[in-house]
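# Descriptive analysis of the structure
These are the residues of each chain, in order.
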Amino acid sequence: MSILHSNNSLQATDYPAPAAFRAIQVLEVLSNHKGPMTLTEIAVAAPLPKSSALNLLVTLEATGMVRRSHGGWVLGYKALELGQSVLATTDLVSEFRRLVAFQPTLRGDTTLLAVLDGMDVLYLARHDGQAQVRLASDVGRRLPAVVTGLGKAMLAALPEDELERRLATVTELPRPTRRSHRTVDELRNDLRQVRSKGFAVDLEENTIGVTCFAVPLPGALQPTAVSTTLLSNRVTPELFQRLVFELRELARDLSVFARD
């Protein structure tokens, strides 16, 4: 979980290396923003004096962690390289890639692995099958949990008190499509059904014409789930049953790697 999201009360001086803490703050600000940011925007979001923010940016630029772009500053390719290195050495991700290939139905479609960070889904790995669907689920990207099958599967798997704590932070639900939930009460009702069935369905709540089925990993230290995504017009009762069965198998097999 990000430092900015989980420890808002902590200051750089609470750590042995304040400069390192501030540098991470700058990187997280850039990672949570779509597109370039100006120096002023970064300083306000961090928050830091503009002179300190500029010094950090210049230092990070020298290491390749950030770069100047038309309109401001963005993450550098070194940050992407480090992120990919972490994923490549994570047993959960490598096992996901290996196990999906053995699932006769799942391997033909887009299959995803993600964790829950606050009220966001963070994508860790993606398997593109033969029937690819254009998605906004690139590795490392975040989406609101409430409009994704993965997010609903993980929210429903939380203890009730933890679920309510997270829902209390929601002031307005995102509605990318007309099928998205309009109220938190609608979302709660959906999550109760997910908890009862053991799997979640995103029926065009995030993208019109696209359906997603998702299953949480049992016993994971951090809420984790797997899903498959396909065009809605391909879904049949038989295909639905096969996909959910294989997702449950995949979640069960991966769960041992999510408990470390």
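What counts and how
Residues numbered from 1 in each chain as written. Predicted model: local features only at pLDDT ≥ 70, side-chain atom pairs only at ≥ 80, totals over all residues. Heavy atoms only, no water. Helix = DSSP H or I, 4+ residues; strand = E, 2+ residues; numbered from the N terminus. Buried < 20%, exposed > 50% of the residue type's maximum accessible area, 1.4 Å probe, protein only. Contact = heavy atoms within 4.5 Å. Areas by Shrake-Rupley, 256 points an atom, 1.4 Å probe, with all protein chains shown as cover. Pairing = 2+ DSSP bridges. Axes fitted to C-alpha atoms, helices over the stretch in contact; angles between N-to-C directions. Salt bridge = Lys/Arg side-chain N within 4 Å of Asp/Glu carboxyl O. Parallel < 35°, antiparallel > 145°, perpendicular 65-115°, else oblique. Left-handed = near helix turned anticlockwise from the far one by under 90°. Nonpolar A, V, L, I, M, F, W, Y, C, P; charged D, E, K, R; others polar. pLDDT = per-residue confidence, 0-100. Core = buried A, V, L, I, M, F, W, Y, C linked by side-chain atoms within 4.5 Å. Arc of directions from axis to C-beta.

Now for the overall build of the protein chain. Across its full length, the protein chain holds 10 helices and eight strands. Looking at the protein chain as a whole, 43% of its 260 residues are labelled buried. The contacts of the protein chain with a sequence gap of at least 6 include a subset with a gap of at least 24, amounting to 55%. Looking at the protein chain as shown, the accessible area adds up to about 13600 Å², and 54% of this sits on carbon and sulfur atoms.

This part takes up the pairing of strand β4 (residues 120-127). Both strand β3 (residues 110-117) and β4 contribute to a ladder of seven bridges, which runs antiparallel. Within β4, the position partnered with L116 by the bridge is V121. A loop of two residues connects β3 with β4, the two strands running antiparallel in sequence, and G118 in this loop sits at a positive phi of about 65°. Alignment of β4 against strand β5 (residues 142-144), held across three bridges, turns out to be antiparallel.

So, on to the sheet that holds β5. Strand order in the open sheet formed by six strands is β5-β4-β3-β8-β7-β6, and the pairing between neighbours is antiparallel. Where the open sheet ends on each side, the last strands, each with one partner, are β5 and β6 (200-203). Sheet twist, expressed as the mean angle between neighbouring strand axes with direction ignored, is 30°.

Bringing the pattern of salt bridges into the picture now. Inspection of every chain in the model, using the stated rule, returns 17 salt bridges. Between R126 and D128 there is a salt bridge, and its shortest N-O distance comes to 2.8 Å. Counted as one network, the salt bridges with shared partners bring together D117, D120 and R142.

Turning to the packing of helix α8 (residues 160-167) against helix α9 (residues 184-197), a few remarks are in order. Pairs of packed helices are described in terms of their axes, by the angle between the two and the distance that separates them. At a minimum axis distance of 12 Å, the contact between α8 and α9 shows a crossing angle of 150°. Considering their axes alone, α8 and α9 lie roughly antiparallel with respect to each other. Relative to α9, the crossing made by α8 is right-handed. The residues of α9 that touch α8, namely those facing E160, L163, E164 and L167, are V184, L187, R188, L191 and R195. Among the residues making up the contact of α8 with α9, the classes are represented as five nonpolar, no polar and four charged.

All right, on to the packing of helix α6 (residues 91-100) against helix α10 (residues 237-255) then. Running from amino to carboxyl end, α6 crosses α10 at an angle of 145°, the nearest separation of the two axes being 10 Å. Every pair of crossing elements has a handedness; the one defined by α6 and α10 is right-handed. Contacts between α6 and α10 pair L92, E95, F96, L99 and V100 from the former with L250, D253 and L254 from the latter. Of the residues that constitute the contact of α6 with α10, the class distribution is six nonpolar, no polar and two charged.

The subject of this paragraph is the confidence of the model for the protein chain. Should the pLDDT be low somewhere, the predicted coordinates at that spot are not to be read in detail. Model confidence for the protein chain is summarised by a mean pLDDT of 86, while 87% of its residues fall at 70 or above. Here helix α1 (residues 3-6) is the element of the protein chain with the lowest mean pLDDT, 40, and helix α7 (residues 149-156) is the one with the highest, 97. Overall, residues 1-10 carries pLDDT values under 50, and its contacts beyond four positions in sequence, including any with other chains, amount to 19 contacts.

Here we take up the nonpolar core. Of all hydrophobic cores here, the largest spans 26 residues; its most connected members are V121, Y123, V146, L150, M154 and L155. Listing elements by their share of this core, those giving two or more residues are β3, β4, α7, α8 and α9. With five residues, α7 is the largest single contributor of residues to this core. Residue contacts for L155: discarding those within four places in its chain leaves L116, M119, A145, V146, L163, L191 and R195. Listed in part, the 25 residues of the second largest apolar core include V93, F213, L239 and A251.

Turning next to α6. Those residues of α6 not exposed but buried are L92, V93, E95, F96, L99 and V100. Here the buried residues of α6 occupy an arc of 165° about the axis, which is enough to place them on one side.

Moving on to α7. Summarising burial for α7: eight of the eight residues are buried, a large majority. Within the sequence span of α7, burial applies to G149, L150, G151, K152, A153, M154, L155 and A156.

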